[in-house]
Amino acid sequence: GCGAKPAASGDAAPAEVVTIKVGDNWAETHPMAMAIDNVFKKQVEEKSGGSIKVDVYHSGTLGNETELWDGVRNGAVEVAVIGTCMNQEFTTMLISDWPFLYRDIEHAKKVWTGAIAEELNGKFHEKFPETYILGWGPNSARTFTSNKKLESVDDFKGQKFRMPANPIHVGIAENLGASAQVIPLNELFSSLETGVVDGQDNGMVTVKSEALYEVQKYLYETNHIIATLEIITNAKFMDSLSEEQQQIIKDAAKAASEQAWTDYIASVDADRQFLIDNGVTVTPCTEEDKALIIEKIQPTLDKLYAENDWAKELVEKIQAVQ
Amino acid sequence: MILTLTMFLLFLVGGIALGLPIAIALIFCGICTALYLGGSNANVQIIATKLMSGTDSVTMMALPFFVMAGELMNRGGLTKRIINFCNIFVGRVKGGLGYVTILACLMFASLVGSAVASTAALGAILIPMMAKSGYDRAKAAGLVASANIVAPIMPPSIPMIVYGVSAGVSIKSLFMGGIFPAIYFTVIMCGVWFFVCRKDGVKSNEPRLSFKETLKVFLSGLWALLLPVIILVGLRGGIFTATEAGVVAVVYALFVGIVVYRELTLKDLFTSFISAAKMSAVVMFLAAAANVAAYLMTVSRIPQAITESLSGLTSHPILLMTILMTIIIVMGTCVDVVPTILIMTPIMLPLITAAGIDKVYFGIVFTLANVLGLTSPPVGPVLNVACATGKIRMEEIIKPVIPYYLFQMALVYLFILFPGLITVPLGWLGG
Amino acid sequence: MSSGISDKMSGITKMINFLFRTIEILIAIFLAIMIILTFANVVLRFVFHKGFAYSEEVARISFIYLVYLGSIVAMKENNHLMVDSLIMKVPMAAKRVIYFLIQGITIWIMALLTQGAWQVSLLNKNNSWVVTHYPVFFIQFAGVVLGVAFIIICIVNLIKLIILKEDPIDLIKPHDSGEDPFADFEQDKAVLK
Ligand code: NA
Ligand code: NA
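Residues take numbers from 1 onward in each chain, read along the sequence in its written order. Lettering for chains starts from A, numbering for ligands starts from 1, and both go in the order in which the items are written. Per-residue local features are limited, in this predicted model, to residues with pLDDT of at least 70; the limit for side-chain atom pairs, both in listing and counting, is 80 or more; totals at the level of whole chains, interfaces and linings are taken over all residues. The basis for every side-chain value is the complete set of non-hydrogen atoms in the structure, without hydrogens or water.

An unreviewed UniProt entry lists chain C under the name 2,3-diketo-L-gulonate TRAP transporter small permease protein YiaM, with Anaerotignum propionicum DSM 1682 given as the organism. Database annotation for chain C, UniProt heading Sequence similarities (unreviewed entry): "Belongs to the TRAP transporter small permease family." In the Subcellular location (unreviewed entry) part of its UniProt record, chain C is described as follows: "Cell inner membrane". UniProt positions are given in the numbering used here, feature names are shortened, and annotations may be inferred rather than shown by experiment.

In the annotation of an unreviewed UniProt entry, chain B is listed under the name Sialic acid TRAP transporter permease protein SiaT and assigned to Anaerotignum propionicum DSM 1682. In its Subcellular location (unreviewed entry) section, the UniProt record describing chain B reads: "Cell inner membrane".

Written out as structure tokens, the structure reads:
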């Protein structure tokens, strides 16, 4: 970029305040967005003694995921909280969308706040030297919702689900006997209301925040994908800060992602109850159902393993985390 | 802060006055603001990224689709027959087609949630139709632009969904709350049109048609008249989305124009494709350029600063609402609706809650104030679509739009003074 | 102007018109692709209860190209929305200065866009779309094409203003390159023979 002038370094006059723009794509009620506000922003501003100011932009006001990713790579945005839109260039990031990777959400938290995350941070920086990953937070565990009866694996047959335009997601729906429809997110509500599609898959956080429960009757808590959200920063910006400032930011990001996981896990029961109170029939996915689904989506899994030589080792490593 | 704002507006208005294409003026003021803000904001890649993402929009595809459908309807003889049919009923009323336009917009509004989609759909048909019947083209385009603002007020509404999601308000309640305002809106539109067309409104002097002739006109127009019915049924019945409705209209118009009326030639078809594509490109390029300016507006944090300075007003809800809505109306001149809602909702909501204002009521007034920006230059997406589909220049459409704009603005302030206009009928509807 | 130069100019004009006609046909094809794929999606869903994920991506890619290429055509034909009250009202000398400024600012902005788009293209040189695996580079590169094309158009406009001494009022007038794409196309072919 032209004139991405280095921000104030530690020994400069404290009068010069560094401003960090943080962009995410979530409403401020999302656990990750809350953690950015309540932990990251708060800690950085307090611990830096006001030498760093954090401006947070939720709901994609700074840009969608690809824009934020481009922005953080070229330095226009200092910090981006995004999913894995870079997974075509660095396929290891597909791990975020890997179906049925964890025993439960606690397991996912352990993985993404532990050594595996640290290791991937290093690989990520090797692949994209202009960036650092500062932390891995929860997106949320995806569930299926529908207007038609959806309480068992057999119910998928013949239903139309809006799925993200991504071969993994589409593959899952199709393997389960449903048809996958690609509909843009801002037409999803109307499409569910009028019946263009019967259902969709998203975390309960989204079902609640996007008010999809207003137009959906059933929710099947499959937790088929527990995707992550990464806190990514621009390397040039980070390196321009003093050691102390860098440490403050790193610690704050780490604390924010841990807090987000904790809050997210705590919110699951509350979100479920909220949906039930609003007339949604919520069905938990039993271990037998889960095994049956995994069996059905084997073609998608096989394809994923065949296309990604790194996968077997990493998946085993993740599954071994206790 | 004030300096940034002044500069932003100065370069924008200056650039437009100079005669730069408005899209270029928007990027120009964006770049100047970026250079002024400095730091990581002065990054030329932002222009490229924002311009690109501004054109990468599935929902905006409704634009080329409906424009194409309109072209085919005009060239394939569908429009002509719909005019003849409408004229049976309103031909002898002064400005009759204008009222048809206003009602058609309300009807279409109950199907689609985006004013751009509905203007593309109706503008491409109604503006040439009114012009062919002898109405002034600019006035027709102005009416069509203004009347289509009702699309996001009458449910379904994309802006209300965006507000509902970011404010955590029931979307169905918002939808219920929009019905009566949409009706007030329509009544006001008819009232203004009554005065606008008094001077030179077209009125047919042809003798009243006999029953037999009427039947003939109706039968010959039957195929054309089926098009709105198909769209209505398809959208309500969950067969296709609002964007897809445009394509269904294209295919149907193609079928009727070629097979039934046999008026559409291969040459017409190619001309329609090129013309629809060019028109859409012009509107989309402007929308994409506005995306660049909106980004710089966002990172300058001007809206935050202004709103935060109003926190002392929470004990005066009416005054607070008046100022907030005025900010929205002003912001609406140069930022598009969805970005404005996303930027402003989280910063206004604490004030609204503190002042004890109902969030559903606020959402309705907020949506109306926002959509006013759709017909105000320089970033007036609906205005741009109306210009493109009506084949008139930007300057020509501004004057005819003003009277509607003023009355629509008055409606916003009326809602602020008398919240009961919204809340009472909302109670009846159980929202 | 001697007839030699004017012949040469008209030859060049013919070539340019041919190029722009080709672009027009291209954007028509992109629109056709969008319509066909979207309609196919409706039919597949409604009749066969099926969906196909790549239709959306291909339609999006077509739309982006349509807008970028269409914007270039619109720039050449002065069809971008603008307000020309000022330039219409002022005396001739001022008209020429204003027209010069308009072209100058546009060139500056487009130079920045070209630079930015090139950098973004490089940034994404190994990136691709999820379903179709279409390289992101070719999408971002459209920005470079747009920027360069706008600059060339502006330079030609400046040549017309300064060297050929054309009237700025004629230069800002919108002009469609003809309603009938094939009439000109046939003509162009005849000229090229
Ligand atoms: Na509507
Ligand atoms: Na506006």
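A. Structural detail: the packing of helix H6 (residues 96-109) of chain B against helix H7 (residues 115-132) of chain B. All names here are of chain B. Running from N to C, H6 and H7 point in directions that differ by 165°, and their axes come no closer than 11 Å. On the basis of their axis angle, the class for H6 and H7 is roughly antiparallel. Between H6 and H7 lies a crossing of right-handed hand. Facing H6, whose interface residues are Leu97, Gly98, Thr101, Ala104, Cys105 and Phe108, H7 presents Ser118, Ala121, Leu122, Leu126, Met129 and Met130. Classification used: nonpolar for Ala, Val, Leu, Ile, Met, Phe, Trp, Tyr, Cys and Pro, charged for Asp, Glu, Lys and Arg, polar for all others including Gly. A breakdown of the residues in the contact of H6 with H7 according to their chemical character gives 9 nonpolar, 3 polar and no charged. Fitted lines through C-alpha atoms serve as axes, helices being fitted only where they are in contact, and the angles separating the N-to-C directions of these axes extend from 0 to 180 degrees. Helix numbers and strand numbers start at the N terminus; a helix is a DSSP run of H or I with at least 4 residues, a strand a run of E with at least 2. In this scheme, roughly parallel covers angles under 35 degrees and roughly antiparallel covers those over 145, while 65 to 115 is roughly perpendicular and the rest are oblique. Crossings are classed by handedness, with left-handed meaning an anticlockwise turn of the near helix from the far one by less than a right angle and right-handed meaning a clockwise turn. Note on definitions: a residue-residue contact is assigned when non-hydrogen atoms from the two residues lie within 4.5 Å.

B. Up close: the pattern of salt bridges. When a carboxyl oxygen of Asp or Glu lies within 4 Å of a side-chain nitrogen of Lys or Arg, that pair is called a salt bridge. A complete count under the given rule lists 32 salt bridges over all chains for this structure. Among the ionic pairs, Arg73 of chain A bridges to Glu89 of chain A, the shortest N-O distance being 3.6 Å. Residue Arg73 of chain A is found in helix H2 (residues 65-74), and its partner Glu89 of chain A is found in the loop between strand E3 (79-82) and helix H3 (105-112); the two are separated by 16 residues along the sequence. Note on accessibility: Arg73 of chain A and Glu89 of chain A belong to one class, buried. Between Glu24 of chain C and Arg21 of chain C there is a salt bridge, and its shortest N-O distance comes to 2.2 Å. Type-normalised accessible area, obtained with a 1.4 Å probe on protein chains alone, sets the label of each residue: buried when under 20%, exposed when over 50%, and partly exposed for intermediate values.

C. Expanded view of the packing of aromatic side chains. Centres within 6.5 Å are what make two rings of Phe, Tyr or Trp a pair, Trp counting through its six-membered ring; a difference in plane orientation under 30 degrees is then read as stacked, over 60 as edge-to-face, and the rest as tilted. By the definition in use, this model includes 36 aromatic pairs over all chains. Look at Trp98 of chain A and Tyr305 of chain A: their rings are 5.3 Å apart centre to centre, the planes differ by 70°, and that puts the pair in the edge-to-face class. Here Trp98 of chain A is found in the loop between E3 and H3, whereas its partner Tyr305 of chain A is found in helix H11 (residues 298-307), with 207 residues between them in sequence. The class of Tyr305 of chain A is partly exposed, set by a relative accessible area of 31%. Ring pairs connect the aromatic residues Phe30, Tyr65, Trp118, Tyr134, Phe137, Phe138 and Phe141 of chain C, which therefore count as one cluster.

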